Amino acid sequence: MLTHSALTKVSEAKIFEGKQQQFTHQSSTTNCTMQFAIYLPPQASETNKVPVLYWLSGLTCTDENFVQKAGAQRIAAELGMAIVCPDTSPRGEGVTNDEGYDLGQGAGFYVNATQAPWADHYQMYDYVVSELPDLIEANFPVSNQRAISGHSMGGHGALTIALKHSSRYSSVSAFSPIVNPINCPWGQKALTAYLGENVEAWREYDTCELIKKSAQHLPMLVEQGLADNFLVEQLKPENLLAAAKSVNYDLTLNQHEGYDHSYFFIASFIEGHLRFHAKYFS
């Protein structure tokens, strides 16, 4: 088991009687220093371990965007829920990068890269599924009850991870997720770079493909703004709805007039998502 000595605290602030903290650690999965944020509600203690919502952020984001912009801590404090926000990719000197905002550092896509030069560090799928939860559960007063959510690229990560590991999570949700990356420019660029030209390998990271063969149907909630600039070309929620209907997957897809892709949208509806996840924590 990992211990506190593996963590370096970067910052801490009190908010709604809980603690918003940020840590770094040396990751054996991504082979670099990783950073994450954690909100511990006031109910968390060694004698009262609280459930955890893992939040995966989108392209160009870090572990800080959700913490600073979503306004989730007030409801998390009320519900007694921890929130863990990993970074969106490996970073640092020696970590491969790209000039584009949609590949490389800040754009890990929550996959395990198999192609050079990305494979040395870009193992974000294993980091989120295994290493980070192990670290959190060994070092903080949290239980092994987990939910997962995310935005855009992070919504893609949350949905695909939950569908492939339904026994590890009690529920899944997403804001403006990239649900069909094999059929959109963001996904095609990233998956080609990280996984190579074999489209069959891409299907393992595509929500529309995975939902069709999901054996266990987790509670799933998706929020989408209809004024989102990326709606038609990149996000394609209609493809997710069709895939879910084809296998009678009980998906709730809420579509909202006038809302865009920003954190203003997330902040408007995050309370509903936290209450959704809280219902499924035992």
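Sequence order as written defines the numbering, with residues in each chain counted from 1. Local features in this predicted model are restricted to residues of pLDDT 70 or higher, and side-chain atom pairs are both shown and tallied only at a pLDDT of 80 or more, whereas totals for entire chains, interfaces and linings draw on every residue. Hydrogens and water molecules were not included; the side-chain quantities draw on all heavy atoms of the structure.

Student: Any chance you could explain unusual backbone geometry here in plain terms?
Tutor: For the bond running from Ala116 to Pro117, omega is -5 degrees, close enough to zero to count as cis. To qualify as a helix, a DSSP run of H or I must reach at least 4 residues; to qualify as a strand, a run of E must reach at least 2; elements of each kind are numbered from the N terminus. As for its placement among the helices and strands, Pro117 is situated in the loop between β5 (82-86) and α3 (124-139). Unusually for a residue other than glycine, Phe16 sits at a positive phi of about 50 degrees. With respect to the helices, strands and loops of the structure, Phe16 is situated in the loop between β1 (7-15) and β2 (18-27). A positive phi angle is found at Ser176, which is not glycine, with a value near 50 degrees. Along the chain, Ser176 turns up in the loop between β7 (172-175) and α5 (185-195).

Student: Before we go on, may I ask you to explain empty space enclosed by the protein in this structure?
Tutor: Over the atoms, a rolling probe the size of a water molecule traces out where space has been left empty. Here a cavity denotes a set of grid points, spaced 1 Å apart and computed over the protein atoms alone, in which a 1.4 Å probe fits but from which it cannot get out, and a pocket denotes an open set meeting protein on both sides within 12 Å along at least five of seven lines; residues with an atom within 4 Å of a point are reported as lining. Grid points are joined across faces, edges and corners, and a volume is the space filled by probe spheres set on the points. All chains considered together, the criterion is met by one cavity of 30 Å³ or more. When its volume is computed, the largest cavity comes out at roughly 50 Å³. Together, Gln20, Tyr39, Phe66, Val67, Ala72, Gln73, Ile83 and Cys85 line the largest cavity. Looking at the lining of the largest cavity, the elements that each hand over two or more residues are α1 (64-69) and β5. Note on residue classes: Ala, Val, Leu, Ile, Met, Phe, Trp, Tyr, Cys and Pro are nonpolar, Asp, Glu, Lys and Arg are charged, and everything else, Gly too, is polar. The class makeup of the residues in the lining of the largest cavity is six nonpolar, two polar and no charged.

Student: Explain the packing of aromatic side chains here, please?
Tutor: Each aromatic ring pair is described using two quantities: the centre-to-centre distance and the angle formed by the ring planes. When the centres of two rings from Phe, Tyr and Trp lie within 6.5 Å, Trp using its six-membered ring, the rings pair. Their planes under 30 degrees apart give stacked, over 60 give edge-to-face, and anything left gives tilted. Scanning all chains against the criterion turns up 15 aromatic pairs. Between Trp55 and Phe175, the ring centres sit 6.0 Å apart and the planes meet at 55 degrees, which makes this aromatic pair tilted. Placement of the pair is Trp55 in strand β4 (residues 50-56) and Phe175 in strand β7, with a sequence separation of 120 residues. Overall, Phe175 belongs to the buried group, its relative accessible area being 0%. Here Tyr122 and Tyr194 contribute two aromatic rings whose centre-to-centre distance is 5.5 Å and whose plane-to-plane angle is 20 degrees, an arrangement assigned as stacked. Of this pair, Tyr122 sits in the loop between β5 and α3 while Tyr194 sits in helix α5, and the two are 72 residues apart along the sequence. Each member of the pair Tyr122 and Tyr194 is classed as buried. In our convention, an over-ring charge means Lys NZ or Arg CZ found within 6 Å of a ring centre and within 35 degrees of that ring's normal. Over the aromatic face of Tyr205 sits the side chain of Lys164, whose NZ or CZ is 4.6 Å from the ring centroid. Burial status follows relative accessibility: with a 1.4 Å probe on protein chains alone, a residue under 20% of its type maximum counts as buried, one over 50% as exposed, and anything between as partly exposed.

Read these as geometric descriptors, not functional statements.
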